[in-house]
Every structure is written in C-alpha cells, then in structure tokens.
Amino acid sequence: MSIERSAVIGGGLMGAGIAEVLAKAGQDVIVSEVGEEAVAAGRARIGKSLDKAVAKGKLSAEDRDAALGRLRFTTDIGDLADRQLVIEAASENEDVKKAIFADLDRVVTDAHAILASNTSSMPIIRFAQATSRPERVLGVHFFNPAPVQPLVEIVSSVLTDPDVSRTMTGFVAEVLGKTPIQAGDRPGFIVNALLIPYLCSAMRMLESGFATKEDIDAGMVGGCAHPMGPIALADLVGLDTCLFAAESMYAETGDPAVKPPVLLSRMVDAGLLGVKSGRGFYEY
Ligand code: 3HC
C-alpha cells in the first residue's frame, strides 16, 4: 500500500512537527484542529520551524514553499474522509483521544487506512477499541522537536495487524527517513518508560533543595553528554505533557518512580507549561 494522503489531528507542539515532517516527505497533508485560533497557531508553528530549517541550511526556500503548498488546515474532521493515514496528536487526555478515534472510524472511508496515535504513554488498545477496526490502529510516537529527532516508536497493540506495523515501519524509514523501533503497548513504551522516571527524579531533586536547576542540568550536559539537562528538557517536552505521561504511567503501574512530583502538578496548575507557554522552570 502506497501512502500519499495523510492527516494529523492537532496542530500543537507535536502535531505541527509531525505535519511538517509529512509535508517535507511529499505527503498531501491535512491538519485538523478545533477552531480558527488553533489553526492559526499551528500554521505559524510550522512556518516558523520551516523558516528555521532554511536558515540552518537544512532545507531550500523552494522546498519550504513546496512543503507549505502540500499542507491544508481544517476544523471539520469530515474533511479527512479520503486519508490513507491519520496520526492523532491531540492533548494527552484519554477521553478526548477515544472520541477522536470514534470520529475517525466514522469519517475515514478507506478500509485500509491506518489510524495512529502519537500518545506518549497511553494504552493504544483503548483507542483501537473506540473503533470498529482495531487491527488498523497502532502507536506512532515521534519525539520533540519532530523535524529534528530521528526516532519514531512503532507501538503495536495486541490487536494490531502485523501488516499494519510493517507498512508503518517501512513508511517511517523509507518515506520519512526516520529510524523506527518496535515497542510493546506498555506504559511509556520504550523511551518514556526510561525518560519519565528520570525527569521526575530531577524534579524531586530540585524540589528537595538538594541542587539548583542550573546545576542539575549542567550535571547531565557536562557529565553525561546529553544535549540538554532534564529540567530544560521537561520544559521543552511541556510540563503538562510530562504530568499527563507520569499520571497515566503511575495509574497503571503504581511505580513510585513515576509518581508525579508535587512541584510538577503545581507548575501545571499555575499555567507554567515550559517553552510553549513562555515560562516553565526557566523563562523563554
Ligand atoms: N528543522 C530542521 N532542522 C533543525 C531545526 C528545524 N526546525 N531546528 C534545528 N535543526 C537542526 C540544526 O540545524 C542542528 O543540526 P546539526 O546538528 O546538523 O547542525 C540541530 O537540529 C540542532 O539545532 P541547534 O544546534 O540550533 O539547537 P536548537 O536549540 O535549535 O535545538 C535541540 C536543540 C534539537 C532541541 C537539542 O537540544 C536536543 O536534541 N535536545 C534534546 C531533545 C530531546 O531529548 N527530545 C526528546 C524529548 S522526549 C519526547 O518528545 C517524547 C514525549 O512523549 C515526552
């Protein structure tokens, strides 16, 4: 099956990045959002990132314009009827995501279409069960910033058709030029099963007064060659996303390593979400 028409649900941090990756790879892309304000924000996010790619010498101005020409936005999910691949990248709320999958099941007409979720840690099977075609549903998890990070986790539920996983794996590698890895439908898959406990530990270290955020970050950058430290990384991921991931992993596993730190909850309550809101642990 050759995938040429794709869509992304949500033009936020991850959705915009994924839509950009798809458009640069030659896909005809529709981004579905909830309202005109969100459409404008998503469009601006993609435009800014493509401009940065041009400024960094990663993309020609012609290729940027061509990618923009392949992108459309809609506030009507019914416009996704003819899509062969839809990647859901809405906020990390299980009920919202289930409702989106039920809508997609209703509107996407191609029985061979693949319905994917970019969830960071929620069970794929629950979204699959919101549809009448659970074998066509899987996780396709990108990393922030999606245009830069090479990895994509392919997450098969117990009901995903192995042909669907194979098709997505081939698409990610050959069409998107990214590196696919296979993960089971378990809390946090591979990367967040390791990353979320690490970020929570760093926040607990900060919360306890044991070290400053600057020293925690400098420790992991200078001591372990990470491109950024865990406090800055949490700000980049989005503190709301970190909290939702920790909450969903904690609910399923009861592992104290992913028990959301109180500090993280308070930051989110305060609307301090990190880079995307202009202030998290640091100011942007
Ligand atoms: N388009 C294309 N390429 C771009 C780009 C863009 N918009 N922006 C930057 N780049 C390229 C640059 O050209 C550069 O390439 P080079 O190394 O070949 O020269 C490279 O990306 C790095 O760019 P910069 O040096 O300019 O640094 P930035 O400040 O722009 O970005 C960073 C830095 C890429 C964010 C880097 O600090 C990094 O990789 N940090 C770690 C991010 C990370 O760990 N992400 C995973 C989060 S976990 C997640 O998302 C999962 C979720 O479920 C929680």
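Residues numbered from 1 in each chain as written. Predicted model: local features only at pLDDT ≥ 70, side-chain atom pairs only at ≥ 80, totals over all residues. Heavy atoms only, no water.

Rules: UniProt positions are given in the numbering used here, feature names are shortened, and annotations may be inferred rather than shown by experiment.
The name recorded for the protein in an unreviewed UniProt entry is 3-hydroxyacyl-CoA dehydrogenase, from Brevibacterium celere. Per UniProt, the comment on the protein under Sequence similarities (unreviewed entry) is "Belongs to the 3-hydroxyacyl-CoA dehydrogenase family." A UniProt comment under Pathway (unreviewed entry) is attached to the protein, and it reads "Lipid metabolism; butanoate metabolism."

**Re the sheet that holds strand β4 (residues 85-88)**
In plain terms, the rule: Any two strands are treated as partners once DSSP identifies two or more bridges connecting them. Numbering of helices and strands starts at the N terminus; helices are DSSP runs of H or I of at least 4 residues and strands are runs of E of at least 2. Axis definition: a line fit to C-alpha positions, over the contact stretch in the case of helices; interaxial angles, taken between N-to-C directions, run 0 to 180 degrees.
Judged by pairing direction, the sheet is mixed, and its eight strands sit side by side in the order β3-β2-β1-β4-β5-β6-β7-β8 without closing on themselves. Edge strands, defined here as strands with exactly one partner in the open sheet, are β3 (71-74) and β8 (179-184). With strand direction ignored, the average angle separating the axes of adjacent strands in the sheet is 25 degrees. Bridging between strand β6 (residues 137-142) and strand β7 (residues 151-156) involves four bridges; their strand directions are antiparallel.

**So, the packing of helix α7 (residues 191-207) against helix α9 (residues 230-237)**
How we decide: The labels follow the angle: roughly parallel below 35 degrees, roughly antiparallel above 145, roughly perpendicular from 65 to 115, and oblique for the rest. By definition, any crossing whose near helix is turned counterclockwise from its far helix by less than a right angle is left-handed, and any crossing with a clockwise turn is right-handed. In this analysis, two residues are considered to be in contact whenever any of their non-hydrogen atoms come within 4.5 Å of each other. Any residue outside Ala, Val, Leu, Ile, Met, Phe, Trp, Tyr, Cys, Pro, Asp, Glu, Lys and Arg is labelled polar, Gly included; the first ten of those are nonpolar and the last four are charged.
Axis separation between α7 and α9 bottoms out at 9 Å; the angle between their running directions is 120 degrees. The angle between α7 and α9 places the two elements in the oblique class. As α7 packs across α9, the resulting crossing turns out to be left-handed. Two secondary-structure elements touch here, α7 through L195, Y198, L199, A202, M203 and L206 and α9 through P230, I231, L233 and A234. A per-class count over the contact of α7 with α9 returns 10 nonpolar, no polar and no charged.

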